[in-house]
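Geometric and topological summary
Listed below are the residues making up each chain.
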Amino acid sequence: MIAQQGVTLVISEKCPSALSSLMKSCWKVNPKERPDMRQIIIVLESLQHNTELSEQCGHFLKHKHEWKCEIEEQLRQLEEQKIDYAKKLEELDRREQALKRREKSQRENDATARALQGDVALWDEEEVCQWMRQISASLSIEGDVLDHFIALILHHNINGNRLLDITPKDLESLGICSLGIRHNLFKEVKNLRRENYRLRNFPSLQVSQQLGHKKKQEKLSQPLSLPLIIHVTMYTRQSGFDYFPKFRYKILIDVDWDDCCLVSA
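Values in this document were obtained by computation on a predicted structure and should not be read as measured data.

Basis of the calculations
Residues numbered from 1 in each chain as written. Predicted model: local features only at pLDDT ≥ 70, side-chain atom pairs only at ≥ 80, totals over all residues. Heavy atoms only, no water. pLDDT = per-residue confidence, 0-100. Contact = heavy atoms within 4.5 Å. Buried < 20%, exposed > 50% of the residue type's maximum accessible area, 1.4 Å probe, protein only. Helix = DSSP H or I, 4+ residues; strand = E, 2+ residues; numbered from the N terminus. Core = buried A, V, L, I, M, F, W, Y, C linked by side-chain atoms within 4.5 Å. 1 Å grid on protein atoms, 1.4 Å probe; cavity = no way out; pocket = protein on both sides within 12 Å on 5 of 7 lines; lining within 4 Å. Points joined across faces, edges and corners; volume = space filled by probe spheres on them. Salt bridge = Lys/Arg side-chain N within 4 Å of Asp/Glu carboxyl O.

**Quick notes on the confidence of the model for the protein**
- Across the protein, pLDDT averages 77, with 74% of residues at or above 70.
- Taken together, the stretch residues 259–265 has pLDDT below 50 and engages in six contacts with residues farther than four places along the chain or on a different chain.

The structure is reproduced here in structure tokens:
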């Protein structure tokens, strides 16, 4: 507390300001900022013949028991802060250890996931056990319950092919009594079944290129329709000459070339 937060001994308000300033300067955290003994002696000698300071010191000594009570209260508060600080350190250490365990578990799960790549139908019982350990954290299965499930997998020879065909009734027949665990476990089996189907039926690069080329040809072979907007306007104008007809007609055609495009085939 003293080194990190600069906590020092409480100084009574009745303490003379000259002595209070001297004590504060001697209690500075940085040793280089503290006065040396020669400087302290000079200050004390300058205060030696100060009559006003002598009166203040006499008044302070009469109430020194109050300063003692203030010091005891400060020490009590520091002790409480020390206990609280120790509890926070303990909680921080506990969280750090839990985080390390989760990171370790995640690394193990990632390693297991990499090891379990491939067709699930070709898994053996040990690989199914690895898959069970991998999903156990998300299913809140651990300890004796997880060991029991591993033993069931090995005892009933549940390989990858049988795992993909498993049903909720099969899980109940295995002795998994908890409805919630059966539901969550079967949900994981369905996810595994779906991902394995996608893996086995994933199109090759050549097939993907053929499909892309086919879609492109279908798009190009579709007829192209373009809007053509024609504005037709007609108005009449009276002629002022005798050798022209009395009325003249004029037709204007406006094509909106900005919004359409004509392509000759």
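Back to the text.
**Topic: helix H2 (residues 17–26)**
- Taken as a whole, H2 has its buried residues at Ser 20, Leu 22 and Ser 25.
- The inward-facing, buried residues of H2 abut helix H3 (37–48).

**Structural notes on the nonpolar core**
- Core analysis: the biggest nonpolar cluster contains 25 residues, and Trp 123, Trp 131, Met 132, Leu 163, Leu 171, Leu 185 and Leu 192 have the highest contact counts within it.
- Every element with two or more residues in this core is listed here: helix H6 (125–135), helix H7 (144–155), helix H8 (160–164) and helix H10 (179–200).
- Residues contacting Leu 171, with those up to four places away along its chain left out, are Ile 166, Ile 176, Arg 182, Leu 185 and Phe 186.
- Formed by five residues, the second largest nonpolar core is a distinct cluster that contains Cys 15, Phe 60, Trp 67 and Ile 71.

**Description of the side chain of Asn 196**
- Turning to its location among the elements, Asn 196 is positioned in helix H10.
- Those residues in contact with Asn 196, other than ones at most four positions away along the chain, are Gly 118, Asp 119, Val 120, Ala 121 and Leu 164.

**Quick look at the environment of Arg 194**
- Topologically, Arg 194 is positioned in helix H10.
- Placed 30 residues apart in sequence, Arg 194 and Leu 164 show a C-alpha to C-alpha distance of 9.5 Å.

**Here we look at empty space enclosed by the protein**
- Across all of its chains, the model carries one cavity of 30 Å³ or more by this definition.
- For the largest cavity, the calculated volume is near 130 Å³.
- In this structure, the largest cavity is lined by 14 residues; those nearest its centre are Met 132, Ile 153, Leu 171, Leu 174 and Leu 185.

**Things to note about the pattern of salt bridges**
- Going through the model one piece at a time under the given rule, you end up with eight salt bridges.
- Glu 80 is the partner of Arg 76 in a salt bridge, and the nearest nitrogen-oxygen pair spans 2.5 Å. In this pair, Arg 76 and Glu 80 are both assigned in helix H5 (residues 64–115), four residues apart and thus about one turn of the helix distant.
- You can call Arg 76 partly exposed: its relative accessible area is 41%.
- The partly exposed category is assigned to Glu 80, whose relative accessible area is 44%.

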